[in-house]
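As a plain string of letters, each chain reads:
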Amino acid sequence: MSQLDHTSKRIIIIGGGIAGLSIAVRLSQAGLPVTVLETSTLGFGASTRNQGWLHSGAWFAISQPELAKKCYQSLLKTLKYCPDCIEPHHTGTAYLITQPETLVTEWTSAWNECGIPFEILEHDDLKKALPGIAEQEIQHAFLLSDRSIRVDLLIQQLAATAENGGVEIRTETHVDKLLRKDDNITGVLLSSGEELTAQLVILAGGGAGMRLDPDSFPERIGEQHESKLVPLKTHLVAVSPDVGHLPLCLVDEGGFCHMPHAPQSVFGSNHWLTVASGVDNELVPQEIDQIWKNINRFFPSVDREKETVREWAGTTIQAMQAHQIEPGKAPLPTVIDHCQESPVINHLVSIYPGRATLWADVAETAFQTVMEKLEYHPRTCTCPPWEG
Ligand SMILES: Cc1cc2nc3c(=O)[nH]c(=O)nc-3n(C[C@H](O)[C@H](O)[C@H](O)COP(=O)(O)OP(=O)(O)OC[C@H]3O[C@@H](n4cnc5c(N)ncnc54)[C@H](O)[C@@H]3O)c2cc1C
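Structure report, in brief. (Residues numbered from 1 in each chain as written. Predicted model: local features only at pLDDT ≥ 70, side-chain atom pairs only at ≥ 80, totals over all residues. Heavy atoms only, no water.)

## Things to note about the site of the ligand
Phase 1 of the analysis: Near the ligand, the surroundings consist of 40 residues, among which Glu38, Ala46, Ser47, Trp53 and Thr357 are the closest.
Phase 2 of the analysis: Separating an oxygen atom of the ligand from a backbone N or O atom of Ile18 is a distance of 3.2 Å.
Phase 3 of the analysis: Here an oxygen atom of the ligand and a backbone polar atom of Ala356 are 3.0 Å apart.
Phase 4 of the analysis: When isolated, the ligand has an accessible area of 1,000 Å², and the protein chains bury 95% of it.
Phase 5 of the analysis: If one sorts the elements of the shell around the ligand by residue count, strand β19 (residues 308-321) sits on top with four residues.
Phase 6 of the analysis: Within the shell around the ligand, the residues separate by chemical class into 15 nonpolar, 21 polar and four charged. (Near = heavy atom within 4 Å. Polar contact = N/O pair within 3.5 Å; in protein donor to acceptor, adjacent residues only side chain to side chain. Areas by Shrake-Rupley, 256 points an atom, 1.4 Å probe, with all protein chains shown as cover. Helix = DSSP H or I, 4+ residues; strand = E, 2+ residues; numbered from the N terminus. Nonpolar A, V, L, I, M, F, W, Y, C, P; charged D, E, K, R; others polar.)

Laid out in structure tokens, this is it:
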């Protein structure tokens, strides 16, 4: 292939997070020339600032059963593709029910309906795995297959697979602008002044599109999805020494959860705030205090003064349908082909995975979208490496 052919057929992916790298792997398998542009280091964004909860979907089973099923399938693919990125020493997650009035069968039926396996967690096993837990607060305990995951290791593996497949990955490379000719995206302008042409640009920049081409990204994107782009912020607290090796989720306490990342424990509230700007990582003290209230209720011996390692907030921009923007509901993975939106923009696709857990699912949707868009039919087998 000549250099001219190569560059004109190139697909540029903006963002070297979990979404950008997983779609890069898929497109390279189809033999397409792909360049990933990352402004910082790989995984610099939400992908490595999150809690590392690889969801089984059980937490969403009542409110969003379709999302729950997707999570469970993605979890199985992650375990197969990158077993080394799972934190060792646990084989599941404790789902605890604390309120006497909670209908236990509502949860267990939902798990059964979604095909998510579970078992009763015996008191002694819970105590052994989480020695400091306040047992008197717990009514019922189950073991689900959620895991605590090191997303940075998954990112490394995806990057290695992508590079083996011929993907060019450029870190420390900031995209300033999308290049446009009328309604067509023709490439990108880098902050170095370099222009790169492409047949298709994929935005996997965690919402970077809103900044790169503000005129084309009105708040509402929605002929296809009736969605809004919403920056969502949540808070996390890391304490050391870690409280035990079993992750946990309190199903009737707003999803308050703990993920062990030895030698620390990372606690999150699962309470998402809608914020005005996608880069708002300022701490909201009440959110941190609420997490601490729960830590001290369930692990009374943890001392905030002595054991806090870090308290932080992270933001992720998601495509949300109006009814999703409420407590306990999670964004759905969304892939948008902008030629079907208003305003129409050709040769542009954007990706919002919703949860890092859903990387394999969203990569597949994006892959199908791109294949249809380019009317491209690869001759070789393109089964994803996480399925083969
Ligand atoms: C605090 C927090 C906790 C979370 N906890 C969990 C959890 O436990 N489990 C779970 O499944 N999900 C969780 N999530 C959601 C999950 O992290 C995100 O859905 C997912 O990581 C988004 O991946 P991404 O690749 O789309 O975005 P990102 O990881 O943000 O990647 C986007 C990349 O694009 C780059 N970029 C941006 N602009 C440009 C530009 N102009 N030029 C070049 N590069 C650019 C950024 O540097 C970044 O590396 C959490 C999110 C947050 C914020």
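We are not done yet, so read on.
## Here we look at the pattern of salt bridges
Phase 1 of the analysis: By the definition in use, this model includes 14 salt bridges.
Phase 2 of the analysis: Across the pair Lys70 and Asp361 runs a salt bridge whose closest N-O atoms are separated by 3.9 Å. Of this pair, Lys70 sits in helix α3 (residues 65-81) while Asp361 is found in helix α10 (residues 359-374), placing the two residues 291 residues apart along the sequence.
Phase 3 of the analysis: A residue is classified by how much of its surface remains accessible, and Lys70, at 33% relative accessible area, is partly exposed.
Phase 4 of the analysis: Across the salt bridge formed by Lys77 and Glu387, the nearest N and O atoms sit 3.0 Å from each other. You can see Lys77 sitting in helix α3 and its partner Glu387 sitting in the segment after α10, a full 310 residues away along the chain.
Phase 5 of the analysis: A residue is classified by how much of its surface remains accessible, and Lys77, at 21% relative accessible area, is partly exposed.
Phase 6 of the analysis: The class of Glu387 is partly exposed, set by a relative accessible area of 35%.
Phase 7 of the analysis: Bridged by salt links that share partners, the residues Glu137, Glu253 and Arg297 form one connected network. (Salt bridge = Lys/Arg side-chain N within 4 Å of Asp/Glu carboxyl O. Buried < 20%, exposed > 50% of the residue type's maximum accessible area, 1.4 Å probe, protein only.)

## With respect to the pairing of strand β16 (residues 257-261)
Phase 1 of the analysis: Of all the five residues making up β16, five are buried; the element is thus mostly covered by neighbouring parts of the structure.
Phase 2 of the analysis: Going residue by residue along β16, you find Cys257, Met259 and His261 tucked away on one face and His258 and Pro260 tucked away on the opposite face as well.
Phase 3 of the analysis: Relative to β16, strand β15 (residues 248-250) runs antiparallel, the two sharing two bridges. Note on β16: the bridge partner recorded for Leu248 is His258.
Phase 4 of the analysis: With antiparallel pairing between neighbouring strands as the criterion, β15 and β16 make up a hairpin whose turn holds six residues, including Gly254 at a positive phi of roughly 70°.
Phase 5 of the analysis: Pairing geometry for β16 and strand β17 (residues 264-268), over five bridges, is antiparallel. Bridge assignment links Cys257 to a residue of β17, and that residue is Gly268.
Phase 6 of the analysis: Here β16 folds back onto β17 in antiparallel fashion, the turn holding two residues. (Pairing = 2+ DSSP bridges.)

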